Amino acid sequence: MAETADVVIIGGGIVGSSVAYHLSEQGCTDALILEREEKQGLGSTSKSMGGVRAQFATEINIRMSIYSIDFFSRFEEATGHTADYRAHGYCFAATRQSHLDYLRENQAKQRALGLDDARMISREEIVAMIPQLVADDIIGGSYCPTDGFVDPNGVMTGFAKRAKERGVRVRTNTEVTGINVANGRITGVRTSSGEIHTKVVVNAAGPWAANVARMAGAELPVQPLRRQIVKTQRCDFLPAKFPMLIDMSTGFHFRREGDSILLAWADDEETYGFQSAFTPEFIEKILTHAVVRVPQFADLPVNPKQCWAGMYEVSPDHHAIIGPAPEVKGLFYANGFSGHGVMHSPATGRITADLILHGRCDAIDASPLRVERFAEGRLLEETAVL
Ligand SMILES: Cc1cc2nc3c(=O)[nH]c(=O)nc-3n(C[C@H](O)[C@H](O)[C@H](O)COP(=O)(O)OP(=O)(O)OC[C@H]3O[C@@H](n4cnc5c(N)ncnc54)[C@H](O)[C@@H]3O)c2cc1C
């Protein structure tokens, strides 16, 4: 007899694990996570910079963040495992009046949605947090102290652990090779180790999501885009605690992780494709932006072997795609996070579980994230993309 499951989740990263947790939270424990790697988290999850922020420009992203950051703040209570949530804040540093206007406009939206902690700050306040910053051209910025960092692997582990304790099965070394569809409905999945009967499949395959959708005959506009992170050697000259600092003139941003500093910047020469090897030339490239803000970065050693690259899973409007696939009954998307999948994993799990079990989610209205928005020309515009 072929194995069965009420819900099959393809992909055991942070998103698949959160979906499993939230299904089990509501009593749906006959769920099965299928992960092709030998352990969970080897996809984008382990490559993340771990940043979480509610300082976004669109209502849906702000709502997803508020829900998720609240969840991170009580993660251990919910899952029995630490998320290592550090509320060190995010600070956007503006160098032009247009930046400040933009931040102010976003902040009005954030406050209207209940994010009372976000505020505009002066250059002096920014320099007080990071005295080593070259700030002559900084004219102010925005700051939210409840933004910060989590440990992505810790979050994934917590979600999966609690789901497993409740009966959810997690199977590694198992690749989904096909999805069975009859009369427009999901009937099962084919894997490297046999077939599983199910009526519900969640696509949580990260950068590989479009391939998984195609297995069911559906089109999902998600593309992989390489993203590189430079990790410095021990840094003593910057404070032990400071917010993620985003230089709005270039998009360069950095934060502390233990003894080291993580440097990040979106290289506009990257093109879509499955590419996740780190190229050492990137160190020179990012340093040209880094030393403008903190000249001491020029003397801080970097070991290329400790730097890394991974892939964003990018949707056409840089927003997640969450909800049922219109062409195939029983197929649900939890994809296209465009660099925000870690921070939005709690909200995504909740929305997806609610949509599967009840057909709607009252906690967060996720209808703007339906995949149909692309065909209908109702794209969202998120401009606060890092
Ligand atoms: C360099 C970098 C920095 C980032 N920084 C941040 C950040 O600061 N904050 C933030 O919120 N986000 C960040 N992100 C984005 C974040 O990492 C992702 O959005 C998130 O990890 C997506 O999680 P996921 O579970 O959907 O995907 P993944 O972690 O990629 O999991 C998908 C899983 O599906 C499995 N899979 C795929 N196909 C199949 C198949 N056919 N059968 C079985 N298994 C399959 C894969 O093996 C993989 O384990 C960053 C990403 C990168 C690359």
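For the structure, see preceding data.
Below is a short write-up of the structure. Nothing here was measured: the structure is a model prediction, and the numbers come from that model.

What counts, and at which threshold
The numbers attached to residues start from 1 for each chain and follow its sequence in the written order. Thresholds applied to this predicted model are a pLDDT of at least 70 for local features of residues and 80 or more for the giving and counting of side-chain atom pairs; totals over whole chains, interfaces and linings are not thresholded and use all residues. Water and hydrogen atoms play no part in the side-chain values, which are based on all heavy atoms of the structure. Pairing between strands is defined by DSSP: at least two bridges between them are needed. Under the scheme used here, helices are H or I runs from DSSP no shorter than 4 residues and strands are E runs no shorter than 2 residues, and both carry numbers assigned from the N terminus. All axes here are fitted lines through C-alpha atoms, helices being fitted over the stretch that makes contact, and every angle between N-to-C directions spans 0 to 180 degrees. Every residue pair with non-hydrogen atoms within 4.5 Å of one another is taken to be in contact. Centre distance within 6.5 Å is the pairing criterion for rings of Phe, Tyr and Trp, where only the six-membered ring of Trp is used; planes under 30 degrees apart are then read as stacked, over 60 as edge-to-face, and the remainder as tilted. Type-normalised accessible area, obtained with a 1.4 Å probe on protein chains alone, sets the label of each residue: buried when under 20%, exposed when over 50%, and partly exposed for intermediate values. By convention a nonpolar core is built from buried Ala, Val, Leu, Ile, Met, Phe, Trp, Tyr and Cys residues, the set being connected through side-chain atoms within 4.5 Å. Using a 1 Å grid laid over the protein atoms alone, points where a 1.4 Å probe fits but cannot get out form a cavity; open sets with protein on both sides within 12 Å along at least 5 of 7 lines form a pocket; any residue with an atom within 4 Å of a point counts as lining. Grid points are joined across faces, edges and corners, and a volume is the space filled by probe spheres set on the points. Amino acid classes used here: Ala, Val, Leu, Ile, Met, Phe, Trp, Tyr, Cys and Pro are nonpolar; Asp, Glu, Lys and Arg are charged; the rest, including Gly, are polar. Nearness is judged by heavy atoms alone; a residue qualifies as near a molecule or strand once a single heavy atom is within 4 Å of it. Polar contact is the term for a pair of N or O atoms within 3.5 Å; when the atoms are in protein, one must be able to donate a hydrogen and the other to accept it, and sequence-neighboring residues count only if both atoms are side-chain atoms. Per-residue and other accessible areas follow the Shrake-Rupley method at a 1.4 Å probe size, with only the shown protein chains counted as cover for residues. One less than the number of residues in a helix, times 1.5 Å, gives the span that helix is expected to have. When an angle is under 35 degrees it counts as roughly parallel; over 145 it counts as roughly antiparallel; between 65 and 115 it counts as roughly perpendicular; any other value is oblique.

### Observations concerning the sheet that holds strand E3 (residues 31-34)
Thought 1: Taken together, the 6 strands give an open sheet; going across it, the order is E9-E3-E2-E13-E20-E19, and neighbouring strands pair in mixed fashion. The two strands at the open ends of the sheet, each matched to only one other strand, are strand E9 (169-171) and strand E19 (321-324). On average, each strand axis in the sheet is tilted by 15° relative to the strand beside it, whichever way the strands run.
Thought 2: The sheet contacts of helix H9 (residues 345-358) involve strand E2 (7-10), strand E13 (200-203), E19 and strand E20 (331-335), and relative to E19 the element is tilted by about 15°.

### Points about the packing of aromatic side chains
Thought 1: In this structure the tally under the stated criterion is 13 aromatic pairs.
Thought 2: Measuring from centroid to centroid gives 5.9 Å for Tyr21 and Phe71, while their planes differ by 85°, and the two rings are edge-to-face. Remark: Phe71 occurs in helix H2 (residues 59-73) and Tyr21 occurs in helix H1 (residues 14-25); sequence separation between them is 50 residues.
Thought 3: A centroid spacing of 6.4 Å and a plane angle of 90° characterise the contact between Phe278 and Phe282, whose relative ring orientation is edge-to-face.
Thought 4: Looking at Phe278, the relative accessible area reads 17%, which means it is buried.
Thought 5: Pairwise contacts between aromatic rings join Tyr21, Phe71, Phe72, Phe75 and Phe159 into one cluster.

### Some thoughts on the pairing of strand E15 (residues 244-247)
Thought 1: Here E15 shows no split at all, with Met244 and Ile246 on one side and Leu245 and Asp247 on the other all buried.
Thought 2: In this sheet, E15 lies alongside strand E5 (residues 90-94) in parallel orientation, the contact comprising 4 bridges. Note on E15: the bridge partner recorded for Ala93 is Asp247.
Thought 3: In terms of strand pairing, E15 meets strand E16 (residues 253-257) through 2 bridges, oriented antiparallel. The partner of Leu245 across the bridge, within E16, is Phe254.

### Thoughts on the nonpolar core
Thought 1: With 53 residues, the main nonpolar core has Val7, Ile9, Leu23, Val155, Val202 and Ile351 as its most contacted residues.
Thought 2: For this core, the element with the highest residue contribution is H2, accounting for 7 residues.
Thought 3: In this structure, Val230, Cys235, Phe254 and Leu287 belong to the second largest nonpolar core, which totals 30 residues.

### Some remarks on empty space enclosed by the protein
Thought 1: If you walk through the whole model with that rule in mind, you get 2 cavities of 30 Å³ or more.
Thought 2: There is about 30 Å³ of room inside the second largest cavity.
Thought 3: Lining the second largest cavity are Arg226, Arg227, Gln228, Trp265, Asp267, Glu270 and Phe282.
Thought 4: With 3 residues, the top contributor of residues to the lining of the second largest cavity is strand E14 (residues 223-231).
Thought 5: Grouping the amino acids of the lining of the second largest cavity by side-chain chemistry returns 2 nonpolar, 1 polar and 4 charged.

### Notes on the pairing of E2
Thought 1: Burial of the side chains of E2 extends over both faces: Val7 and Ile9 are buried on one face and Val8 and Ile10 on the other.
Thought 2: Examined bridge by bridge, E2 and E3 share 4 bridges and lie parallel to one another. Bridge pairing in E3 places Val7 opposite Ala31.

### Examining the site of the ligand
Thought 1: Close contacts around the ligand come from 38 residues, with Glu35, Ser44, Thr45, Gly51 and Met343 the closest.
Thought 2: Val15 places a main-chain nitrogen or oxygen 3.0 Å from an oxygen atom of the ligand.
Thought 3: Here an oxygen atom of the ligand sits 2.5 Å away from a polar atom, N or O, in the side chain of Thr45.
Thought 4: The fraction of the free accessible surface of the ligand (1,000 Å²) that becomes covered by protein chains is 98%.
Thought 5: Those elements that provide at least two residues to the shell around the ligand are H1, E14 and strand E18 (308-314).
Thought 6: Element by element, the count of residues in the shell around the ligand is highest for E18, at 4 residues.
Thought 7: Among the residues forming the shell around the ligand, the class breakdown is 17 nonpolar, 14 polar and 7 charged.

### A closer look at helix H6 (residues 152-165)
Thought 1: Compared with an ideal rise of 1.5 Å per residue, which puts 14 residues at 20 Å, H6 spans 20 Å between its outermost C-alpha atoms and is within 8% of the ideal.
Thought 2: All buried positions along H6 are accounted for by Pro152, Gly154, Val155, Met156, Gly158, Phe159, Ala160 and Ala163.
Thought 3: In this fold, the buried residues of H6 make contact with H1, H2, helix H3 (75-79) and H9.
Thought 4: Capping of H6 at its N-terminal end is provided by Asp151; its side-chain oxygen lies 3.2 Å from the backbone amide nitrogen of Asn153.

### What about the sheet that holds strand E1 (residues 3-4)?
Sheets are built from strands that pair by backbone hydrogen bonding, the pairs being arranged parallel or antiparallel.
Thought 1: Read from one edge to the other, the open sheet built from 4 strands follows the order E1-E12-E11-E10, with strand pairing classed as mixed. Of all strands in the sheet, those bounded by a partner on one side alone are E1 and strand E10 (176-182).
Thought 2: Here 4 bridges tie strand E11 (residues 185-191) to strand E12 (residues 194-197), and the two strands are oriented antiparallel to one another. In the strand pairing of E12, Val189 is matched with Ile196.

### A look at the packing of H2 against H9
Thought 1: Where H2 meets H9, the axes come as close as 7 Å, and the angle between the chain directions of the two elements is 105°. The pairing of H2 with H9 is recorded here as roughly perpendicular in orientation. The residues of H9 that touch H2, namely those facing Met64, Tyr67, Ser68, Phe71 and Phe72, are Ser345, Pro346, Ala347, Thr348, Arg350 and Ile351.
Thought 2: For the contact of H2 with H9, the per-class residue count stands at 7 nonpolar, 3 polar and 1 charged.

### Focus on unusual backbone geometry
What is expected of a backbone is that most residues other than glycine have negative phi and most peptide bonds are trans.
Thought 1: Positive phi is not limited to glycine here, since Asn183 has a value of about 50°.
Thought 2: Positionally, Asn183 belongs in the loop between E10 and E11.
Thought 3: The phi torsion at Ser338 lies on the positive side, around 55°, for a residue other than glycine.

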